[in-house]
Amino acid sequence: MRKFIALVGTNSRLSTNRQLLEFMKKYFPNNVAIELVELGNLPMFDKPLGKALPQEVLTIAQKINEVDGVIISAPEYDHAVPAVLMNALEWLSFGIHPFLDKPVMVIGASFGALGTSRAQAHLRQILDSPELQARIMPSSEFLVPNSLQAFDQAGVLMDANTIEKLISLVADFQEFIDLNRHLKHGYLLDQAQI
């Protein structure tokens with residue numbers, strides 16, 4: 001069974017992105033184990049003296065190290081990802097490298113019609129930075145537009161085509177994880193920093 005960490009890329013209590021990840025956790029129990037990780041409780045990033053990281057950051061980094069892949073679901077705020085996700089990624093790239101060559105799948109749900117397409121492009125650019133160096137699954141944009149109407153009262157996605165696309169995406173992500181194991185580190189880092 002594959003193990004994934006799913007980062008909830010918002011601190012909104014009524015987030016449809018959290019709802020999407022919770023749906024995935026329930027829908028794929030036989031194929032994958034998904035653990036949701038909230039980011040809203042992390043302190044605001046400020047370079048700590050002596051590079052001492054908060055325990056919450058170290059805990060998330062350890063979880064990322066231990067899983068097969070990471071799923072990130074985030075809304076779109078002003079054509080970009082929310083500040084809470086940016087903050088978490090800043091912490092997770094300061095002197096530590098849990099995302100180094102880690103397979104990542106980017107998804108998103110949005111109240112509007114564009115369904116986080118610009119935020120996903122922004123997030124992919126961040127994840128590809130020298131400080132993070134994640135392995136982002138290509139050609140895998142998954143958007144849930146008009147997300148307030150996308151789920152029933154039980155939190156189930158109502159559109160059959162959207163569910164089919166999500167099933168295909170998760171299957172592709174598992175293939176991508178297998179392919180990624182055959183790749184050498186594309187980046188040169190001091191092994192003591194990893």
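Please refer to the structure higher up on the page.
Treat the numbers as computed from the prediction; the structure is a model and nothing was measured.

Asker: Describe the environment of P98, and please don't skip the residues or the numbers.
Answerer: Relative to the assigned elements, P98 resides in the loop between α3 (83-91) and β4 (103-109). P98 gets classed as buried once you look at its relative accessible area, which sits at 3%. Taking the C-alpha atoms as reference points, P98 and L21, separated by 77 residues in sequence, lie 21 Å from one another.

Asker: Just give me the short version of the side chain of S93, but keep the residues and values in it.
Answerer: Within the fold, S93 resides in the loop between α3 and β4. Classification of S93 by relative accessible area gives buried; the value is 17%. Within the structure, the side chain of S93 is placed 3.2 Å from the backbone oxygen of E90, a separation counted as a polar contact. Setting aside residues no more than four positions away along its own chain, S93 makes contact with E131 and L132.

Asker: An account of the nonpolar core is needed here, citing residue identities and associated values.
Answerer: With 33 residues, the main nonpolar core has L7, F99 and L127 as its most contacted residues. Per-element accounting of this core gives the leading share, five residues, to α3. Setting aside anything within four residues of it in sequence, one finds L127 in contact with I72, L89, F99, V104, V106, L132, Q133, A134 and I136.

Asker: Please give an account of the packing of α3 against helix α4 (residues 117-127) that cites residues and values.
Answerer: Helix packing geometry: the angle between the two helix axes and the distance between the axes. Two numbers describe how α3 lies on α4: the axes approach to 12 Å, and their chain directions differ by 10°. Relative to α4, α3 is oriented roughly parallel. Along its contact with α3, which presents L85, M86 and L89, the element α4 presents H122, L123, I126 and L127.

Asker: Go over helix α2 (residues 55-66), please, and point to the residues and values.
Answerer: The end-to-end C-alpha distance of α2 is 17 Å, a good match for the 16 Å that 12 residues give at a rise of 1.5 Å each. As for α2, its buried residues are in contact with β1 (2-8), β2 (32-38), β3 (69-73) and α3.

What counts as what
- Residues numbered from 1 in each chain as written.
- Predicted model: local features only at pLDDT ≥ 70, side-chain atom pairs only at ≥ 80, totals over all residues.
- Heavy atoms only, no water.
- Helix = DSSP H or I, 4+ residues; strand = E, 2+ residues; numbered from the N terminus.
- Buried < 20%, exposed > 50% of the residue type's maximum accessible area, 1.4 Å probe, protein only.
- Polar contact = N/O pair within 3.5 Å; in protein donor to acceptor, adjacent residues only side chain to side chain.
- Contact = heavy atoms within 4.5 Å.
- Core = buried A, V, L, I, M, F, W, Y, C linked by side-chain atoms within 4.5 Å.
- Axes fitted to C-alpha atoms, helices over the stretch in contact; angles between N-to-C directions.
- Parallel < 35°, antiparallel > 145°, perpendicular 65-115°, else oblique.
- Expected span 1.5 Å × (residues − 1).

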